[in-house]
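Structure assessment
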Amino acid sequence: MTTPIDPTEPKAGKSRGIHELYAEDPGKADKQLWDREVDPVSRRGFLKKSSLLAMAAAVGGSIPFADKMPGGLIPAALAQSDESFTLEGKEGLRVFNDRPINAETPAHLLDDDVTPAKYMFVRNNGIPPEQQSIDMDSWTLEIAGESCENPQSFSIADLKDKFEHHTYQLTVECGGNGRSEFVPSASGNQWTTGAVACPRYTGVRLRDVLEACGIKDDAVYIGYYGADSHPSGDPDREAISRGVPMDKALEDQALIAWSMNDEDIPYLNGYPLRLVFGGWPGSVSGKWLKKIVIRDQKHDGNKMAPPSYSVPKHPVAPGTEVPLDEFVTIHSMPIKSLITFPKTGITHADPGPLEVRGHAWAGDLSVKEVLVSIDFGATWQKAELKGAPNPLAWQRFTTQVEFPEPGYYEIWAKAVDSEGRAQPMVVPGWNPKGYLNNACHRIAVQAA
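Quick summary incoming for the structure in this document.

What counts as what
- Residues numbered from 1 in each chain as written.
- Predicted model: local features only at pLDDT ≥ 70, side-chain atom pairs only at ≥ 80, totals over all residues.
- Heavy atoms only, no water.
- Helix = DSSP H or I, 4+ residues; strand = E, 2+ residues; numbered from the N terminus.
- Rg over C-alpha atoms; globule rule 2.2 N^0.38 Å.
- Buried < 20%, exposed > 50% of the residue type's maximum accessible area, 1.4 Å probe, protein only.
- Contact = heavy atoms within 4.5 Å.
- Pairing = 2+ DSSP bridges.
- Core = buried A, V, L, I, M, F, W, Y, C linked by side-chain atoms within 4.5 Å.
- Axes fitted to C-alpha atoms, helices over the stretch in contact; angles between N-to-C directions.
- Phe/Tyr/Trp six-rings, centres within 6.5 Å; stacked < 30°, edge-to-face > 60°.
- Lys NZ or Arg CZ within 6 Å of the ring centre and 35° of its normal.
- Salt bridge = Lys/Arg side-chain N within 4 Å of Asp/Glu carboxyl O.

On to the overall build of the chain, then. From N to C terminus, the chain includes 7 helices and 28 strands. For a compact globule of 448 residues, the expected C-alpha radius of gyration is about 22 Å, and the chain comes in at 23 Å, within 12% of that figure. Classification of the 448 residues of the chain by burial places 53% in the buried group. Considering only contacts in the chain between residues 6 or more positions apart, those separated by 24 or more positions represent 71%.

See the structure below:
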């Protein structure tokens, strides 16, 4: 009898983890680790009895719906790490690098309706200004650009005194959230699911400030500049300078914000002033905000040109080299959901149902419904879905699931947006930078 390779055991001469094997070739990893064959039509992975026992041993229990499990997927029980690190003002975030600082939040820490500051992910392209050098009283914001009629500068006190204050809860997500699941792998931080948050921001509408400075008829775009510096240390290079078309800049929820959850914005998230555009890649929501320009053309700052925050205009085969003129800039983020309770890997010993809850969001759109499955997507049940507190905020979903017998289960969540588009069950079309992965979120549960 052939015994499948235990993914926790090193191979002779070199230790190779399960993530490395699946990233290299998911079909080959299925065969090597579990002796699992994949049906080319249904994409289900078929396990021999000995292979099923090996996978059950690896995940810690029998797998009642193993015959419905798609091939090429790492079991969720083995796909996530519980390692956590500490940053000032943050708790439990996983740090990818420290220059610049980038860190994500484990899904179970995002269970609050309003994301606390301590659980707000950190995504920086540059080096933040030194914290001790920031003086909110002397901080100024310049409004300029070729399509600005009357360029002006405002202190934060000016913004507070001259314009009406607004508070919105807004979903901010890194365009590369979920990048780690793409095969072949894409360059950049290997985010899993935690580069998303939905805090409550207070500030003034960008529209009000721009209109006070005069918007010329030829205006088509805005761009921002922050006080963060390029990682190289070169003062002549921008860390990042992105922007949005005028229709996005002029929407009600587009804010110049100085407050998050009724307190100062956290230092690592842009203190003392930042832009916030809900529903679009977080890179357009400039931090440590110093200048906004009204443009008569698409903004051309750093990270605006492809392939940064861009995807191919047309679907491409995995690993394809895409010409730069075949990219399109990402605007609204796709429909997505996140299971925030229970935490993946729990054991459910109670014979009764298990509560499942989380959030769903849909870029510029709203969420129509959320569905949950315990049999790898063979069947789905509808969850209860709350409305959003305001446009561009995520929505809470809740449901209960019951397990027919003891064993290993995966709970999958699938959201559908207001135009009828649903999350794919597996990773969507590959792109060179690993953007816009909105595959169903899944967690592991042992039913005892």
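Of all 8 residues in strand β22 (residues 354-361), 7 are buried, a share of seventy percent or more. As judged from the 5 bridges shared by strand β20 (residues 336-341) and β22, these two strands associate in the antiparallel manner. Following the sheet pairing, Phe341 is matched in β22 by Arg357. Direction of pairing for β22 relative to strand β26 (residues 395-401): antiparallel, over a ladder of 7 bridges. Paired with Leu354 across the strands is Val401, a residue of β26.

Here is a general trend for soluble globular proteins: nonpolar side chains tend to be buried in one another's company. Of all hydrophobic cores here, the largest spans 47 residues; its most connected members are Ile143, Leu159, Leu206, Ile222, Ile256 and Ile292. Counting only elements with at least two residues in this core, the list comes to β4 (101-104), β6 (140-144), α5 (156-162), α6 (206-213), β12 (221-226), α7 (246-249), β14 (255-260) and β17 (289-295). When residues of this core are assigned to their parent elements, the largest contribution, 4 residues, is made by α6. By size, the runner-up hydrophobic cluster in this structure holds 41 residues, among which are Ile18, Trp34, Val370 and Ile374.

Hydrogen bonds along the backbone pair up the strands of a sheet, which may run parallel or antiparallel. The 5 strands are arranged β7-β6-β17-β12-β13 in an open sheet whose pairing can be described as mixed. If you trace the sheet from one side to the other, it starts and ends with β7 (152-155) and β13 (243-245), each paired once. The sheet shows a mean angle of 15 degrees between the axes of neighbouring strands, taken without regard to direction. Note that β6 and β17 share 3 bridges and pair parallel. Along β17, the bridge assignment pairs Ile143 with Ile292. Set on the sheet, α6 makes contact with β6, β7, β12 and β17; between it and β7 the angle comes to about 140 degrees.

Another point: unusual backbone geometry. In this chain, Val183 is followed by Pro184 through a cis amide linkage whose omega measures -5 degrees. One can find Pro184 in the loop between β9 (172-173) and β10 (196-197). For the bond running from Pro306 to Pro307, omega is 10 degrees, close enough to zero to count as cis. At Trp288, a residue that is not glycine, the phi angle is positive and equals roughly 45 degrees. The phi dihedral of Lys303 is positive, around 80 degrees, even though this residue is not glycine. Tracing the backbone shows Lys303 in the loop between β17 and β18 (310-312). By relative accessible area, which is 28% here, Lys303 ends up partly exposed.

Under the defined criterion, the tally for this structure stands at 8 aromatic pairs. Where Phe121 meets Trp191, the ring centres are 6.4 Å apart and the plane angle is 80 degrees; that geometry is what we call edge-to-face. Of this pair, Phe121 sits in the loop between β4 and β5 (122-123) while Trp191 sits in the loop between β9 and β10, placing them 70 residues apart in sequence. As far as the burial class goes, Phe121 and Trp191 line up, both buried. Ring geometry for Phe154 versus Phe163: centroids 5.7 Å apart, planes at 70 degrees, classification edge-to-face. What makes Phe154 buried here is its relative accessible area of 2%. An aromatic cluster of three or more residues is present, and its members are Phe65, Phe403 and Tyr409. Above the plane of the ring of Trp139 lies Lys290, whose end atom (NZ or CZ) is 4.3 Å from the centre. In this arrangement the basic side chain of Lys291 is found over the ring face of Tyr225, its NZ or CZ atom lying 5.7 Å from the centre.

Here 3 strands make up an open sheet; going across it, the order is β3-β4-β5 and the pairing antiparallel. At either margin of the open sheet sits one strand with a lone partner, and together these are β3 (94-98) and β5.

Moving on, we get to the pattern of salt bridges. Tallying each qualifying case throughout the model produces 21 salt bridges. Asp252 serves as the salt-bridge partner of Arg207, at 2.8 Å between the closest nitrogen and oxygen. Of this pair, Arg207 sits in helix α6 while Asp252 sits in the loop between α7 and β14, placing them 45 residues apart in sequence. Assessed through its relative accessible area of 18%, Arg207 is described here as buried. The class of Asp252 is partly exposed, set by a relative accessible area of 33%. Between Asp364 and Lys248 there is a salt bridge, with the nearest N and O atoms lying 2.8 Å from each other.

This paragraph deals with helix α3 (residues 49-59). Turning to α3, its buried residues number three or more, namely Ser50, Ser51, Met55, Ala56 and Val59. Contacts made by the buried residues of α3 are with α2 (26-34), α4 (76-79), β27 (407-417) and β28 (441-447). Of the residues trailing α3, Gly60 is marked for its positive phi of about 95 degrees.

Functional significance is not addressed by these values, which are geometric in nature.
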